[in-house]
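Residue strings, one per chain:
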Amino acid sequence: MPQQQSLFDTSPPVWELDDAEQRRVARVVLSSGPAGEFDYLVPDQFADARKPEFLAEAGRRVSVPLGRGDRAVVGYCVDVSVTTTGGRKLKSLAGVLDASPLLSPRMLELGQWIADYYMTPLGQVLECILPAGVRGKAGTRETTLFSVPTKVAARLTTLELPEKQLAVLKVLAGSTKPLTMKQLMMRAECTSGPINTLRKKELIASRVERIDTDPLLDQEFTRRGPMTLNPAQVAALKSITAALDSRRPRTMLLHGVTGSGKTEVYIQAIEKVVSFGRQAIVLVPEISLTPQTVGRFRERFDRVAVLHSHQSDVERHRQWKRIASGDVQVVVGARSAIFAPTPHLGLVVIDEEHETSFKQDTAPRYHARDVALERTRMDKVPLVLGSATPSLETWQAAQSGQYELISMPDRVSNLPLPEVRAVDLRREEHRQGSRGAISRPLSQAMTVALADGGQVMLLLNRRGYSTHVQCPACGFALKCPDCDVSMVYHRQANHVVCHWCDRTEPPPTYCPDCKDANIRYGGFGTQKLEAEVAARFPNHPVLRMDTDSMRRPGSHEQALDSFRNGEVDILLGTQMIAKGLDFPNVTLVGVVNADTSLHFPDFRAAERTFHLVTQVAGRTGRGERGGRVLVQTLSPDHPAIVAAMNHDYEGFAASELPEREMLGYPPYGRMARLVIRGPVDKVTLAVGDDLAAKVREACREVRVIGPAPCTIAKLRNLFRYHILVVAPNRETLRTALAPLAGKLKLPEDVQWIVDIDPIDMM
Ligand code: ADP
Ligand code: ZN
């Protein structure tokens, strides 16, 4: 959590200049250190058009002297102008670091908007826009990859080796693909020593390879032509093409149920964009960025680039250069792909626009959807937001006519939406014969579905085995000593772990407080559910998908493949399984506990629950055999659950929006969240009080809630408080937060951040 205020007091002036003389001045922001813009004189050697590689111009990085000691720091040149210095004393640029601009004027403009809107220093924003590989000029490099020769693997158990070397061999033998030195050292938790020894003993093989490939672009695919659109798709495409032809910025909400064929509409719209010689950016949630998704675009376009956060610096740099050269037709990527340097942007599509992963949770805390709105407005091109369950912000904008609404209410080829039923967990008969997480109706439905040769998906949004450890004798609950959260028991690893700071400890066998031996492991996580399913359905292979079981690279795809090809009958997991997957043979989906997300202390809890149930329900009924969904809940009458059961998005919006309006919450008002953290509880709270008072003082029209302890009141030994600022509109919010933009005197160790349009309320 970086501090928002400047860390140093700096004043760059040095040279005395004649007031009236015209000089070339570069405006520079720093990539780290003090915020703000600094002016430097451009020496003649950096102003010579005959030597373009040394030209100081906007969008390039420069080296500048800073502070009293003239420490050399790196900054971005954001403007060069010829002006009078007005008597100011200026230092000179020390060097130009890039042979050509890394950022176009448009991207600088967008960066400035982000800096203002999200109250983040411009230098920090530009660092975020430019991937590390581009800043560092990562080239294609060669890397040594290690593997175990088969003849060694065969006698692995009989080898007598020191522990460390054996660990290395085990890691390598267990990996589906060769590993680099770095990966191997990390996973075997060793230095390069044992690895080099094994290499000398010829127990591991090595080969040198260029690692400039991405698994998402590796896969083979067959080229396809366009599909014949159904009438709803034709109408949707027509609206988008009209917007493209108008050459004006226009935002459209493509509200189409899961399986309504939105992707085909995007693709045909992009075909049109490409025919004008322009490029399109398609944003999808990181989790949906699979070879399957990318493949749908690669089947239809010759030149597709992919940008995502798991890419190596080298690969990102390569993709970035290809895009900037204009060679790429379509960029498919996660959140940060909104910064793709397309030279002639023609269209931006955001699929699953309601997904919270489009918001970045570190500074700059931008939302890709709002950045896309701004970028398309600047470039005068349309923006298409697609979703089966739009965010209420987007829905409200479409209702008020600000966005154009395009509806695709039916599934392709008119497959019916699945039947969704609630299982009321309060009813005794549902629990009879079931001490586990699976109620009788769900168990029966599973038996029927599996007997018919169908596949089953079970959603449980909690990982681990037991989600809490408690002593019935004294009421003691096992919490992380550093964080204010329960420790979760993981059976495979046989430890308790804090899901927030990853601290692990051996599981207690008696109460640490009263020494009672009856300490209980309660609550259901995915591991316990897996055990229960395996016990109840011993003849049906089950697979668990959560961040614990999907650590190895490629394991996600591998798991989905084994489910797709029928090796696995039952797939269970966290929300990882809820999104975007298309399996025609899934005839039953069970939501094991719909209440976990419903009771979150967050004004979007109902919206999240509605999204989750609807999304996971969309995973079934995709084939001819139809499908059904069972939702286990203690609140079957909750409007979010009732609406999800009826596939009634509009009904949900109609019940939820008035509540938001009453409280002045988004989409009706604007919100900012301040989070303050520090090692001493009282001091942290006092800073919170102080910030809240400043905000209240600056503007009377805003509601200031707090400071109050965050839901996670302590994290990694730091106390946390938050303040919510609710304003009727953006301008008022800006006024209220204005005092925070300046320098604030705070006790050492206390840090604070501001999150505009917050999504994370923990
Ligand atoms: P969505 O993105 O709305 O969930 P998809 O684009 O994934 O829907 O489409 C669902 C399925 O329907 C896909 O398998 C897709 O290939 C198929 N499909 C889409 N449009 C058509 C069409 N016009 N004719 C036949 N099949 C189609
Ligand atoms: Zn912790």
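The structure presented is a predicted model; accordingly, all values stated were derived computationally and were not measured.

Asks: Please clarify how the site of ligand 1 should be interpreted in this entry.
Replies: For ligand 1, the set of nearby residues contains 17 residues, the closest of which are Thr228, Gln233, Gly259, Lys262 and Arg296. Thr263 places a side-chain nitrogen or oxygen 3.2 Å from an oxygen atom of ligand 1. Ranked by residues supplied to the shell around ligand 1, first place goes to helix H10 (residues 262-275) with three residues. Across the shell around ligand 1, the residue classes tally to four nonpolar, eight polar and five charged.

Asks: For this particular structure, what's the right way to read the sheet that holds strand E5 (residues 91-92)?
Replies: Strand pairs in the sheet, formed through backbone hydrogen bonds, run parallel or antiparallel to each other. Within the open sheet, the six strands sit side by side as E5-E2-E1-E4-E3-E6. Their pairing is mixed. At either end of the open sheet lies a strand with only one pairing partner, and these are E5 and strand E6 (95-96). Sheet topology note: the strand E3 (residues 61-66)/strand E4 (residues 71-84) ladder contains six bridges and is antiparallel. Its bridge partner being in E4, Leu66 is matched across the sheet by Arg71.

Asks: Help me out: how do you make sense of the packing of aromatic side chains in this one?
Replies: In this description, an aromatic ring pair is defined by two values, namely the gap between the centres and the angle between the planes. Inspection of the entire model under this criterion finds eleven aromatic pairs. When the centroid spacing of 4.7 Å and the interplanar angle of 65 degrees are considered together, the rings of Tyr117 and Tyr118 count as edge-to-face. The pair formed by Tyr117 and Tyr118 is uniform in burial state, with each residue classed as buried. Members of the aromatic cluster, each reached through a chain of ring pairs, are Trp395, Phe610, Tyr649 and Phe652.

Asks: I tried to follow the coordination of the zinc ion (ligand 2) on my own but got confused; where do I start?
Replies: Note on metal sites: the ideal angle is 109.5 degrees for four tetrahedral donors, and 90 or 180 degrees for six octahedral donors. The zinc ion (ligand 2) binds to the protein through Cys480 (SG), Cys483 (SG), Cys498 (SG) and Cys501 (SG); the donor distances cover 2.3 to 2.4 Å. Angles of 105 to 112 degrees at the metal separate the four donor atoms of the zinc ion (ligand 2), which places the site in the tetrahedral class. All donor residues of the zinc ion (ligand 2) come from one chain, and their arrangement in sequence is C-x2-C-x14-C-x2-C. The same class applies to Cys480 as to Cys483, namely buried.

Asks: How should I be thinking about the sheet that holds strand E22 (residues 504-505) in this particular structure?
Replies: The strand order across the open sheet formed by three strands is E20-E21-E22, and the pairing between neighbours is antiparallel. This sheet does not close on itself; its edge strands, each paired only once, are strand E20 (488-490) and E22. Both E20 and strand E21 (residues 495-497) contribute to a ladder of three bridges, which runs antiparallel. Paired with Val488 across the bridge in E21 is Val497.

Asks: Sorry, what's going on with the environment of Arg700 here?
Replies: Structurally, the position occupied by Arg700 is in the loop between helix H23 (681-698) and strand E29 (703-715). Distance from Arg700 to Lys170, taken between C-alpha atoms, is 64 Å for residues 530 residues apart in sequence.

Asks: What am I meant to see in helix H2 (residues 122-129) here?
Replies: An α-helix turns once per 3.6 residues; consequently, residues spaced three or four apart project the same way. Within the span of H2, buried status applies to Leu122, Gly123, Val125, Leu126 and Ile129. Angularly, the buried residues of H2 cover 160 degrees about the axis, an arc narrow enough to put them on a single face. Those residues of H2 hidden inside the fold are in contact with strand E1 (22-30), strand E2 (37-41), E4, helix H1 (105-117) and helix H12 (313-324).

Asks: Teacher, can you tell me more about the environment of Leu630 here?
Replies: In this structure, Leu630 sits in strand E27 (residues 628-633). For the pair formed by Leu630 and Gly678, sequence separation is 48 residues and the distance between their alpha carbons is 45 Å. Setting aside its immediate chain neighbours within four residues, Leu630 contacts Arg421, Val423, Pro441, Leu442, Ala445, Leu588, Val589, Gly590 and Val591.

Asks: Could you clarify how one ought to interpret the pattern of salt bridges in this entry?
Replies: Pairs may arise between side chains of opposite charge once their charged atoms sit close together. According to the stated counting rule, one finds 34 salt bridges in the structure shown. Glu299 is paired through a salt bridge with Arg224; the nearest N and O atoms lie 3.0 Å apart. With Glu299 in the loop between helix H11 (291-298) and strand E12 (304-307) and Arg224 in the loop between helix H8 (215-218) and helix H9 (231-246), this pair connects stretches of sequence that are 75 residues apart. Residue Glu299 is classed as buried on the basis of its relative accessible area of 17%. Taken together, the shared-partner salt bridges in this structure form one network comprising Arg27, Glu37 and Asp39.

Asks: Just checking my understanding: could you explain the packing of H23 against helix H24 (residues 730-741) for this structure?
Replies: The relative placement of two packed helices comes down to the angle between their axes together with the axis-to-axis distance. Packing of H23 against H24 brings their axes to within 7 Å, and their N-to-C directions diverge by 135 degrees. On the basis of their axis angle, the class for H23 and H24 is oblique. Relative to H24, H23 is oriented so that their crossing is right-handed. Of the residues in H24, those touching H23 at Leu691, Lys694, Val695 and Ala698 are Thr735, Ala736, Leu737, Pro739 and Leu740. Residue composition of the contact of H23 with H24, grouped by class: seven nonpolar, one polar and one charged.

Asks: Which parts of the structure should I look at to understand the confidence of the model for the chain?
Replies: Should the pLDDT be low somewhere, the predicted coordinates at that spot are not to be read in detail. The predicted model of the chain averages 88 in pLDDT, with 93% of residues at 70 or higher. By mean pLDDT, H8 is the weakest element of the chain at 63, and strand E11 (residues 279-283) is the strongest at 98. Long-range and interchain partners of residues 1-14, a stretch whose pLDDT sits below 50, account for 38 contacts in this model, where long-range means more than four residues apart.

Asks: Could you clarify how one ought to interpret the pairing of strand E13 (residues 330-333) in this entry?
Replies: Put simply, side chains in a regular strand alternate between the two faces of the sheet. By the alternation rule, side chains of E13 split into Val330 and Val332 and Val331 and Gly333, which are all buried. Here E11 runs beside E13; their pairing, made up of four bridges, is parallel. By the bridge assignment, Leu283 is partnered in E13 with Gly333. With four bridges connecting them, E12 and E13 associate as parallel partners. Paired with Ala305 across the strands is Val331, a residue of E13. Assessed by its sense of winding, the connection that carries the chain from E12 through H12 to E13 is right-handed.

Reading the values: the criteria
Residues numbered from 1 in each chain as written. Chains lettered and ligands numbered in written order. Predicted model: local features only at pLDDT ≥ 70, side-chain atom pairs only at ≥ 80, totals over all residues. Heavy atoms only, no water. Near = heavy atom within 4 Å. Polar contact = N/O pair within 3.5 Å; in protein donor to acceptor, adjacent residues only side chain to side chain. Helix = DSSP H or I, 4+ residues; strand = E, 2+ residues; numbered from the N terminus. Nonpolar A, V, L, I, M, F, W, Y, C, P; charged D, E, K, R; others polar. Pairing = 2+ DSSP bridges. Phe/Tyr/Trp six-rings, centres within 6.5 Å; stacked < 30°, edge-to-face > 60°. Buried < 20%, exposed > 50% of the residue type's maximum accessible area, 1.4 Å probe, protein only. Donors = N, O, S within 2.8 Å, 3.2 Å for Na, K, Ca; no water. Tetrahedral: all angles 85-135°; square planar, octahedral: opposite > 155°, others 65-115°. Arc of directions from axis to C-beta. Contact = heavy atoms within 4.5 Å. Salt bridge = Lys/Arg side-chain N within 4 Å of Asp/Glu carboxyl O. Axes fitted to C-alpha atoms, helices over the stretch in contact; angles between N-to-C directions. Parallel < 35°, antiparallel > 145°, perpendicular 65-115°, else oblique. Left-handed = near helix turned anticlockwise from the far one by under 90°. pLDDT = per-residue confidence, 0-100. Right-handed = clockwise from strand over helix to strand, strands pointing away.

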